Amino acid sequence: MSKSFTAHALHSLKSIGSVAPSSKFLVNNMLKSIDFSKPLVIVEFGAGNGAFTKSLITKVHKQSKLISFELNDDFVQELSQRLGKHQQLNLIHDSAFNFEEHLQNLGVKKVDYFVSSLPLALFNAQQKSEFLKTCSNYLQADGKFLQYQYSLNSYKKLKQNFNKVGLGFTLINVPPAFIYECTNALV
Ligand SMILES: C[S@@+](CC[C@H](N)C(=O)[O-])C[C@H]1O[C@@H](n2cnc3c(N)ncnc32)[C@H](O)[C@@H]1O
């Protein structure tokens, strides 16, 4: 039997950064601005056991590409068994910090949406700045970098790397979460 999300989280809290998978309220709230009716390139960071991946894969256009990164071996295996049949999904068992190399291999030059569950608070300042700058450079002009966090610690860092950062909140999640919606819009 596969280990539960919480069992993994208690074993590796420093890399997983949460004790429970995201609620459907958080998932729906974070994805609500995406227009799924057209083909998109969506890059997901920190897929875990699939709270966002499952929702994304059922919503995306058949010509979309969903590229999901996850480091934990068991989560990757579980996702691959459950969602591997979807041809839009590229599940990548590697660190999100290596995403550029994988996008190049897949021939992807621009991204419509980044959907990130990464525990940003656990990464060092320089690593975070370089990563967010690279994501910002990959965004389509009307694209978005979507990220949830349990605190406002990363707000300043996101504002340094994107032109505009909107803030939302979802109470029904363990723990309640802030949603950052970052764009390079010039307003
Ligand atoms: C807070 S959990 C979120 C899981 C799931 N997306 C959800 O919302 O329920 C963060 C996930 O990011 C993964 N992770 C942490 N650092 C990572 C990295 N550098 N690259 C890819 N995944 C990473 C962890 O293994 C964990 O599954």
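Quick caveat: nothing in here was measured; it's all calculated off a predicted structure.

How each quantity is defined
Residues numbered from 1 in each chain as written. Predicted model: local features only at pLDDT ≥ 70, side-chain atom pairs only at ≥ 80, totals over all residues. Pairing = 2+ DSSP bridges. Helix = DSSP H or I, 4+ residues; strand = E, 2+ residues; numbered from the N terminus. Right-handed = clockwise from strand over helix to strand, strands pointing away. Axes fitted to C-alpha atoms, helices over the stretch in contact; angles between N-to-C directions. Contact = placed C-beta atoms within 7 Å. Near = placed C-beta within 6 Å. Nonpolar A, V, L, I, M, F, W, Y, C, P; charged D, E, K, R; others polar. Expected span 1.5 Å × (residues − 1). Buried ≥ 20, exposed ≤ 12 C-beta atoms within 10 Å, placed from the backbone. Arc of directions from axis to C-beta.

S.K.: For this particular structure, what's the right way to read the pairing of strand β3 (residues 89-92)?
M.R.: Every other side chain in a regular strand lies on the same face of the sheet, so the side chains alternate between the two faces. The pairing of strand β2 (residues 65-69) with β3 spans four bridges and is parallel. Looking at the pairing, Phe69 lines up with Ile92 of β3. Tracing the backbone out of β2, into helix α5 (residues 73-83) and back to the parallel element β3 gives a crossover that is right-handed.

S.K.: Whenever I open this one, the sheet that holds β2 confuses me. Can you help?
M.R.: Within a sheet, adjacent strands bond to each other through the backbone by hydrogen bonds, running parallel or antiparallel. As summarised here, the arrangement of the seven strands in space is β3-β2-β1-β4-β5-β7-β6, forming an open sheet in which the pairing is mixed. The open sheet has two edge strands, β3 and β6 (164-170), and neither has a second partner. Adjacent strand axes in the sheet meet at a mean angle of 15° when their direction is disregarded. Pairing between strand β5 (residues 139-149) and strand β7 (residues 177-183): five bridges, direction antiparallel. Bridging across to β7, Phe145 finds its partner in Cys182. Packing of helix α4 (residues 51-59) onto the sheet brings it into contact with β1 (41-45), β2, β3 and β4 (111-116), and relative to β1 it is tilted by some 165°.

S.K.: Honestly, the site of the ligand in this entry has me stumped. Any pointers?
M.R.: Neighbouring the ligand are 23 residues, the closest being Ser18, Ser22, Gly46, Gly48 and Ser117. Tallied by class, the residues present in the shell around the ligand amount to 13 nonpolar, nine polar and one charged.

S.K.: Even after reading the chapter, I still don't get helix α7 (residues 125-138), so can you show me in this structure?
M.R.: Along an α-helix, residues three or four apart share an orientation, since each turn contains 3.6 residues. For α7, which comprises 14 residues, the first-to-last C-alpha distance of 20 Å matches the rise-based estimate of 20 Å (1.5 Å per residue) to within 8%. When we look at burial in α7, the residues that qualify are Lys128, Phe131, Leu132, Cys135 and Tyr138. When α7 is viewed along its axis, its buried side chains cluster within an angular range of 120° and face the same direction. Set apart from the buried face of α7 by more than 90 degrees, the exposed residues are Ala125, Gln126, Glu130 and Asn137. Along its buried surface, α7 packs onto β4, β5 and α8 (155-161).

Distances and angles like these do not, on their own, reveal function.
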